[in-house]
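# Working through the structure, step by step
Here's the letter readout for the chains.
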Amino acid sequence: MFSKILIANRGEIAVRIIKTCRRMGIATVQVYSEADAGSLAVEMADEAVLIGPAPAAQSYLLADRIVEAVRQTGAEAVHPGFGFLSENAGFARRLREEGIAFIGPNPKAIEAMGDKISSKKLAAEAGVSTVPGHMGLIETTDEAVRIANEIGYPIMIKASAGGGGKGIRVAHSDADMAEGFAAVKGEALNAFGDDRVFLEKFIVDPRHIEIQVLGDKHGNVVHLFERECSIQRRNQKVIEEAPSPLLDEKTRAAMGAQAVALAKAVNYDSAGTVEFVAGQDKSFFFLEMNTRLQVEHPVTELITGVDLVEQMIRSAWGERLAFQQKDLRINGWAIESRIYAEDPYRGFLPSIGRLVRYDTAEEGPHADGYTVRNDSGVREGEEISMFYDPMIAKLCAWAPTRDAAIDGMARALEDTHLSGLGHNVPFLAAVMDQPRFRSGRLSTRYIQDEFPDGFHGLAPDRRQSDILIAAAAAMNEILTELSGDPSNRTDWIVLIGTGAGSGEAHGVTLSYDDDEALTLELAGEDRALRLSDIDWRPGLAQFRAELDGRPFTAEVARVADGFVIRHRAAKARVRVLTPAVAALYARLPEKQAADTSKLIQSPMPGLVVAIPVAVGQEVKTGETVAIIEAMKMQNILKAERDGVVKAVSARAGDPVAADDVLVEFE
């Protein structure tokens, strides 16, 4: 077995690989850019080598730097993780020529399946169901429009070398095609150094289901069942689960057989994923094969008990698979939530900066029957850089059933607290609470369908309202006692709302029982709440307790006249007031929002790619006025009204912060 492995990646996947190597007794070398010098992966590895500046094109994407680090440290093999050079056949071939093992598939398999155009042709030859489309190279926009009309809209525009949700657009018309084709070519060139684009029919209301395969160098290939990856935003997976709630045993076996047939057709000899688009009727078509470890591999590990990183290492060493297809079984259900540094309340735009607070759910089995796994590559105090994907962690929950796994994930998300930047934990929690998600009626349009106007949180249900009332009253009691207030008041008005005086008023009367639990009698409701096992003191950002015997965790922050409390996706300003003060609050006027209708503001921190307008220019609604790049994605800002440009405050290449004014109209 290898004695030392170099990890040509960063972040959580680097940490993940190090953990398996430690268990196997293999030393690790971590390469890093200047931006990652203080990272968790660098700290955990046995050795670390600086390979360049922060931009990936000057560090993690430079094969020469990786090879030099291998020579410098005496590593025998390279694990590429995912992204960067993981699906680069030239890199794998270069390592082979240097006598260095590549922990991944052979170069020919990468070459055959890594290219989206050739892989579809090979899939068809192997008897795999494929989506109608045009696999040839397309040179011009006019040619793309012509082909799209032959296939029929809607059309998916995809970068041939794409991956990770980048280089993809859906066109519904000739105008969409003209704009999208150019955008995809540009993104593909920037992200992958390859601007080839192909077109395929877009399946309406589809599901994204993928099969995990595993092969060795002796011709053995198995599949480890499926993952459902339909909850996506901008073609980027957000929530994954294994198995899929759609599939029955017959469909699962058919998809698995096709995935294995394709892998065998290219002599596949490592971990890989065959992705399918599936109809709600269980029909399925080949999308692509990812010749690497997938981001969402933990859910497969949780339901099969197979360590995929270990199997990749053993295959690269030349070992045979230690199991056959008949030995593999699905055990329970697992869900993964990708926690990103992005602001769901601002259209999920990237939110870079320092991770000031980072509290996570406790890993391992929990009393309620679920198990938590948290794959993360960052720690409290670290910076989330604009140069890389904004993933903070992959939070996973396993349980014997799907409903129990969802409940476990919801609780794990409650126990996760981040501050210092925007994050999508409230959104992930919202999905867990939605009846549609629990029913398993998923599609890749899920987020568009359920949040057509963007995410603004969810209104609290009855239990969440009770949590807001009880938590606020309890914190107010604790603060009152610490301040030495002698009044011993028991009657309060709890005001739940967002504005100065708006909101729902709840009268409560407080008392303590013999077990020192707080009882709250709700005025006019003929019921009472019992809050026990309270775990909070001033300064803590999480309030933990049991409400009527059920545990919960709420995120809390003190403000001038009360608290801001969030439980899952329900967030509110909560004030605990005397009846007299509550009456005064009801008379306060609402604060009016500032008028920004004449401004085009940067929705996120990033770099200006272009400002294609000038002072004095007339602009029509829908015209592009700015393009901002952040986290390797280009964001096109369009005019929301007709107008004349009064001022342009930025130019190409300028760094901008969120809400910086780019263009002002008269």
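Note that the structure is predicted; figures quoted are calculated from it, not measured.

Taken as a whole and judged by the stated rule, the model has 12 aromatic pairs. Between the aromatic rings of Phe276 and Phe284, the centroid separation amounts to 5.4 Å while the plane-to-plane angle is 90 degrees, which identifies the pairing as edge-to-face. Accessibility classification places Phe276 together with Phe284 in one group, the buried group. Taking the centre distance of 4.9 Å and the plane angle of 85 degrees together, the rings of Phe348 and Phe427 count as edge-to-face. One end of the pair, Phe348, is in the loop between strand 16 (342-343) and strand 17 (349-350); the other, Phe427, is in helix 13 (residues 425-433), with 79 residues separating them in the sequence. Take Phe348 and Phe427: they sit in the same class, and that class is buried. Every member of this aromatic cluster is reached through a ring pair, and the members are Tyr345, Phe348, Phe427, Phe451 and Phe455.

Okay, the environment of Glu200 next. In this structure, Glu200 sits in strand 9 (residues 197-201). By relative accessible area, which is 2% here, Glu200 ends up buried. Placed 44 residues apart in sequence, Glu200 and Met156 show a C-alpha to C-alpha distance of 5.3 Å.

Positionally, Ser244 belongs in the loop between strand 12 (236-242) and helix 9 (249-265). Looking at Ser244, its side chain comes within polar contact range of the main-chain nitrogen of Leu246, at 3.0 Å. With sequence-adjacent residues up to four places away left out, Ser244 is seen in contact with Arg207, Ile209, Glu226, Glu228, Arg252 and Trp333.

Pairing is possible between side chains of opposite charge, provided their charged atoms come close. One pass over the structure, following the stated rule, counts 60 salt bridges. Note that Lys646 and Glu664 form a salt bridge whose closest N and O atoms lie 3.8 Å from each other. Highlighted residues: Lys646 in strand 38 (residues 643-648) and Glu664 in strand 40 (residues 661-665), separated in sequence by 18 residues. Classification of Glu664 as partly exposed rests on a relative accessible area of 27%. What emerges from the salt-bridge pattern is a single network uniting Arg16, Arg23, Glu301, Asp307, Glu310, Arg314, Glu319, Arg373 and Asp375.

What follows covers helix 7 (residues 141-151). Listing the buried residues of helix 7 in full gives Ala144, Val145, Ile147 and Ala148. Down the axis, helix 7 shows its buried residues gathered within 170 degrees of arc, on one side only. Turned more than 90 degrees off the buried face of helix 7, the exposed positions are Asp142 and Glu150. The positive-phi residue at the C-terminal boundary of helix 7 is Gly152, with phi of around 100 degrees.

It is worth spelling out the sheet that holds strand 25 (residues 491-497) at this point. In sheet architecture, strand pairing relies on hydrogen bonds along the backbone and comes in two forms, parallel and antiparallel. With respect to topology, eight strands assemble into a closed barrel ordered 25-26-27-28-29-30-31-32, the strand pairing being antiparallel. Across this sheet, the average inter-strand angle for adjacent strands is 35 degrees, counted without regard to direction. Here strand 31 (residues 562-567) runs beside strand 32 (residues 570-577); their pairing, made up of five bridges, is antiparallel. Opposite Phe563, over in strand 32, you have Val574 as the bridge partner. Here helix 12 (residues 402-414) sits on the sheet in contact with strand 29 (542-547), strand 30 (550-559) and strand 31, set at roughly 30 degrees to strand 30. On the sheet, helix 16 (residues 462-483) packs against strand 25, strand 26 (504-512), strand 27 (518-522), strand 28 (527-535), strand 29, strand 30, strand 31 and strand 32 and is oriented at approximately 145 degrees with respect to strand 31.

A word on helix 6 (residues 116-125). Along helix 6, the positions that sit buried rather than exposed are Lys116, Ile117, Ser119, Lys120 and Ala123. The arc that holds the buried residues of helix 6, viewed along the axis, is 165 degrees, so those residues lie on one side.

Next up on the list: unusual backbone geometry. Here the residue pair Tyr153 and Pro154 is connected by a cis peptide bond, since its omega of 0 degrees sits within 30 degrees of zero. Here the bond from Ala242 into Pro243 is cis, since omega is -5 degrees, no more than 30 degrees from zero. Among the structural elements, Pro243 can be located in the loop between strand 12 and helix 9. We note that Phe225 has phi near 70 degrees; this positive angle belongs to a residue other than glycine. Among the structural elements, Phe225 can be located in strand 11 (residues 221-233). Here Phe225 falls in the buried class, since its relative accessible area comes to 9%. One non-glycine residue, Asn267, lies in the positive phi region at around 55 degrees. Within the fold, Asn267 resides in the loop between helix 9 and strand 13 (271-278).

Definitions and cut-offs
- Residues numbered from 1 in each chain as written.
- Predicted model: local features only at pLDDT ≥ 70, side-chain atom pairs only at ≥ 80, totals over all residues.
- Heavy atoms only, no water.
- Phe/Tyr/Trp six-rings, centres within 6.5 Å; stacked < 30°, edge-to-face > 60°.
- Buried < 20%, exposed > 50% of the residue type's maximum accessible area, 1.4 Å probe, protein only.
- Helix = DSSP H or I, 4+ residues; strand = E, 2+ residues; numbered from the N terminus.
- Polar contact = N/O pair within 3.5 Å; in protein donor to acceptor, adjacent residues only side chain to side chain.
- Contact = heavy atoms within 4.5 Å.
- Salt bridge = Lys/Arg side-chain N within 4 Å of Asp/Glu carboxyl O.
- Arc of directions from axis to C-beta.
- Pairing = 2+ DSSP bridges.
- Axes fitted to C-alpha atoms, helices over the stretch in contact; angles between N-to-C directions.

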